[in-house]
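# Examining the three-dimensional arrangement
Given next are the chains, with one letter for each unit.
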Amino acid sequence: MTMAGNKRGPGPGRLIAGKKIPRHVAIIMDGNGRWAKKRYLPRIAGHRAGMRTLRKIVDFANEIGVEILSLYAFSTENWKRPPGEVEFLMRLPEEYLYKELPLLIEKNIVVRIIGEPAQLPARTQKAIKTALDKTQKNTGMILNFAFNYGGRTEIVHAVKTLCAEVGRGRLSVDEITENLFEKYLYSGGMPDPDLLIRPSGELRISNFLLWQLAYTELWFTDVLWPDFKKEHFWEAVLDYQLRERRFGGVSKF
Ligand code: IPE
Ligand code: IPE
Ligand code: MG
């Protein structure tokens, strides 16, 4: 390992010379419930603690020059949870954005959403819309929340939209390519994630960015999301820098 290490802890000082920071990092923010259970607290206390981690990680990603940070916050399968928990999770965007929006604006961050916001409670939709509107002219890091997001739903949605275009005669079947298909995803136009981080010890994707993760580097840790620190983020980035991405080709070395 040729790591230019220093004793100041995580930070660009430990960047491996010549290796890049991943442009797009995706995170499955998991383990809030188990964090709370370990402390004999209700699950919602875990979600609140997870929100504190979220604030720190958004800041850190922005500081080190990540261009897009995609965060899985609520899946299409999370509706199966007890109504009280779902209700709490639906209020979180409002709470988070109420506190953070002025800072996000100040930091030139652009908020985006992938998923189906139309199915969310009116108050949640309003908070999200305000954040999108107030940050749309910003030019810095894209903070992309996956809220009411499911990878399969996203693909079906893209297929339906494409089929409708073909039906109207605006597109022919032969024109459908991988590049075109990608434009019809919620994330259309964004580069694919370079690095996916999943805390909490689960070794699965849980219906996150199924199309986009085709060649993403995966990084797992047992640390629960509320305990996840910038040190862990940095460890994931360093690990990423040591990997060779071949995209199906052959080794350069
Ligand atoms: C992730 O934490 C947050 C959401 C899915 C909204 P969990 O609530 O899934 O936490 P665990 O997996 O039960 O510990
Ligand atoms: C994935 O976590 C969804 C989010 C973090 C929002 P889950 O806790 O829902 O995933 P499973 O059920 O463990 O696969
Ligand atoms: Mg979970």
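This section reports on the structure supplied with the text. (Residues numbered from 1 in each chain as written. Chains lettered and ligands numbered in written order. Predicted model: local features only at pLDDT ≥ 70, side-chain atom pairs only at ≥ 80, totals over all residues. Heavy atoms only, no water.)

### Side note on the pattern of salt bridges
- Counted according to the given criterion, the structure contains 22 salt bridges.
- With a shortest N-O distance of 2.8 Å, Glu 85 and Arg 43 are connected by a salt bridge. Of this pair, Glu 85 sits in helix H3 (residues 83-106) while Arg 43 is found in helix H2 (residues 43-64), placing the two residues 42 residues apart along the sequence.
- The exposure class assigned to Arg 43 is partly exposed, which follows from its relative accessible area of 38%.
- In this structure, Glu 244 engages Arg 246 in a salt bridge whose closest nitrogen and oxygen atoms are separated by 3.1 Å.
- Among the residues examined, Arg 246 registers a relative accessible area of 43% and is labelled partly exposed. (Salt bridge = Lys/Arg side-chain N within 4 Å of Asp/Glu carboxyl O. Helix = DSSP H or I, 4+ residues; strand = E, 2+ residues; numbered from the N terminus. Buried < 20%, exposed > 50% of the residue type's maximum accessible area, 1.4 Å probe, protein only.)

### Quick word on the site of ligand 1
- Looking at ligand 1, the residues that line it are Met 29, Asp 30, Gly 31, Asn 32, Gly 33, Arg 34, Arg 43, His 47, Ala 73, Asn 78, Arg 81 and Leu 89.
- A distance of 2.9 Å is found between an oxygen atom of ligand 1 and a backbone nitrogen or oxygen belonging to Gly 33.
- Arg 34 has a polar side-chain atom sitting 2.7 Å from an oxygen atom of ligand 1.
- Elements supplying a minimum of two residues to the shell around ligand 1: helix H1 (32-38) and H2.
- With 3 residues, the top contributor of residues to the shell around ligand 1 is H1. (Near = heavy atom within 4 Å. Polar contact = N/O pair within 3.5 Å; in protein donor to acceptor, adjacent residues only side chain to side chain.)

### A look at the sheet that holds strand E2 (residues 68-75)
- The strand order across the open sheet built from 6 strands is E3-E4-E2-E1-E5-E6, with neighbouring strands paired in parallel fashion. The two strands at the open ends of the sheet, each matched to only one other strand, are strand E3 (110-114) and strand E6 (217-220). Direction aside, the axes of adjacent strands within the sheet are offset by 20° on average.
- The sheet strands contacting H2 are strand E1 (24-28), E2 and strand E4 (142-149), and the helix crosses E2 at an angle near 160°.
- Packing against the sheet, H3 makes contact with E2, E3 and E4, and its axis sits at approximately 165° to E4. (Pairing = 2+ DSSP bridges. Axes fitted to C-alpha atoms, helices over the stretch in contact; angles between N-to-C directions. Contact = heavy atoms within 4.5 Å.)

### Considerations on helix H5 (residues 151-167)
- Counted at 1.5 Å a residue, the expected span for H5 with its 17 residues is 24 Å, and the 24 Å between its end C-alpha atoms agrees.
- By the burial criterion, the buried members of H5 are Gly 151, Glu 154, Ala 158, Leu 162 and Glu 165. Burial along H5 is one-sided: seen end-on, the buried residues are contained in an arc of 65°. Residues of H5 that are exposed and point more than 90 degrees away from the buried face comprise Arg 152, Lys 160 and Gly 167.
- Looking at the buried side of H5, the elements it contacts are E4 and helix H6 (178-183).
- Residue Gly 169 follows H5 closely and has a positive phi angle near 80°. (Expected span 1.5 Å × (residues − 1). Arc of directions from axis to C-beta.)

### Topic: the packing of aromatic side chains
- Following the criterion strictly, the structure yields 12 aromatic pairs and no others.
- Between Tyr 72 and Tyr 149, the aromatic rings sit 5.9 Å apart at their centres with planes inclined by 85°, giving edge-to-face as the arrangement. Of this pair, Tyr 72 sits in strand E2 while Tyr 149 is found in strand E4, placing the two residues 77 residues apart along the sequence.
- What makes Tyr 72 buried here is its relative accessible area of 6%.
- A ring pair is formed by Tyr 215 and Phe 247, whose centres lie 5.5 Å apart and whose planes are at 50°; its orientation type is tilted. With Tyr 215 in the loop between strand E5 (195-198) and E6 and Phe 247 in the segment after helix H7 (230-241), the pair connects residues that are 32 residues apart, well separated along the chain.
- Classification of Tyr 215 as partly exposed rests on a relative accessible area of 47%.
- Taken together, the aromatic side chains of Tyr 72, Tyr 149, Tyr 186 and Phe 208 make up a single cluster linked through ring pairs. (Phe/Tyr/Trp six-rings, centres within 6.5 Å; stacked < 30°, edge-to-face > 60°.)

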